Amino acid sequence: MMGQFGLGVGVRDGGRRFEVEGNQVPRPATIMLPPDIGAAAFGFAAAALHPSDVVFRGLRARTAADVDHPEAELLDLVTRMGLPIALDADADAVRVRHDGVELAPVHVDCRNVPDMLPVLSVLGTFARGTTVLDHIAHVRLKESDRVSAMLQLNRMGGSCEVRGDRLLCT
């Protein structure tokens, strides 16, 4: 996907190592994701980290109350963090448009949104305080230990720490 944005990524060690040269400048691209909150989560994260104008076609829910979806709480969480999600009547979709936002930390019970822990961890490392992800034990039992995987953010300049059944990201 990074290639679609004009970024070069080197792959080595049979796909176990990826190298991204610094100072590359991405170009705009159109990416089609399924109209699903879980899939849109990654788009919301990307849109939160840089000035953006992104339309999420097929997604018409702005808040968790607007949709019956297991991960709907994510909409309220990213909004609480400062991401401006608006309905765009012309596009019949939601749109994220801003010139830069300062993300606020959130406190999340991960029993409700276990699959969102990776996205929330990344956003938490960019927030201006400590994001607390509570009740994370069961997230370690998914397809992989997602909690341990998020500790890799520390190697990229983030700060994540496990304390008991909680992940703290600053």
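Check the entry above for the structure.
Residues numbered from 1 in each chain as written. Predicted model: local features only at pLDDT ≥ 70, side-chain atom pairs only at ≥ 80, totals over all residues. Heavy atoms only, no water.

### Regarding the environment of Ala149
Logical step 1: Tracing the backbone shows Ala149 in helix H4 (residues 146-150).
Logical step 2: Residue Ala149 is classed as partly exposed on the basis of its relative accessible area, which comes to 36%.
Logical step 3: Spatially, the C-alpha atom of Ala149 lies 18 Å from that of Ala41, the residues being 108 residues apart in sequence. (Helix = DSSP H or I, 4+ residues; strand = E, 2+ residues; numbered from the N terminus. Buried < 20%, exposed > 50% of the residue type's maximum accessible area, 1.4 Å probe, protein only.)

### Focus on the sheet that holds strand S7 (residues 131-134)
Two orientations exist for strands paired in a sheet by backbone hydrogen bonds: parallel and antiparallel.
Logical step 1: Strand order in the open sheet formed by four strands is S6-S7-S9-S8, and the pairing between neighbours is mixed. Each edge of the open sheet is held by one strand with a lone partner, namely strand S6 (107-109) and strand S8 (160-163). In this sheet, neighbouring strand axes are inclined to one another by 15° on average, regardless of whether the strands run parallel or antiparallel.
Logical step 2: Relative to strand S9 (residues 166-169), S8 runs antiparallel, the two being bridged by four bridges. If you follow Val162 over to S9, its bridge partner there is Leu167. (Pairing = 2+ DSSP bridges. Axes fitted to C-alpha atoms, helices over the stretch in contact; angles between N-to-C directions.)

### A look at the side chain of Glu71
Logical step 1: Mapped onto the fold, Glu71 is located in the loop between strand S3 (52-57) and helix H2 (73-81).
Logical step 2: Of the side chains bearing the opposite charge, Arg146 lies closest to the buried Glu71, which forms no salt bridge; the N-O distance is 7.0 Å.
Logical step 3: Engagement of the side chain of Glu71 in a polar contact is seen with the backbone nitrogen of Gly38, the distance being 3.2 Å.
Logical step 4: Once you skip the residues sitting within four places of it in the chain, Glu71 turns out to touch Asp36, Ile37, Gly38, Val113, Asp115 and Met116. (Lys, Arg positive; Asp, Glu negative; His and termini not counted. Salt bridge = Lys/Arg side-chain N within 4 Å of Asp/Glu carboxyl O. Polar contact = N/O pair within 3.5 Å; in protein donor to acceptor, adjacent residues only side chain to side chain. Contact = heavy atoms within 4.5 Å.)

### Describing the packing of aromatic side chains
Logical step 1: If you walk through the whole model with that rule in mind, you get one aromatic pair.
Logical step 2: Consider the rings of Phe44 and Phe56, whose centres lie 4.4 Å apart with planes at 40°: the pair is tilted. Of this pair, Phe44 sits in helix H1 (residues 37-49) while Phe56 sits in strand S3; the two residues are 12 residues apart in sequence, bridging distant segments of the chain.
Logical step 3: Its relative accessible area of 0% is what places Phe44 among the buried residues.
Logical step 4: Given a relative accessible area of 8%, Phe56 falls into the buried group. (Phe/Tyr/Trp six-rings, centres within 6.5 Å; stacked < 30°, edge-to-face > 60°.)

### Section: the side chain of His98
Logical step 1: You can see His98 is positioned in strand S5 (residues 93-98).
Logical step 2: Judged by its relative accessible area of 8%, His98 is buried.
Logical step 3: Within the local environment of His98, its side chain forms a polar contact with the backbone nitrogen of Gly100, the two atoms lying 2.9 Å apart.

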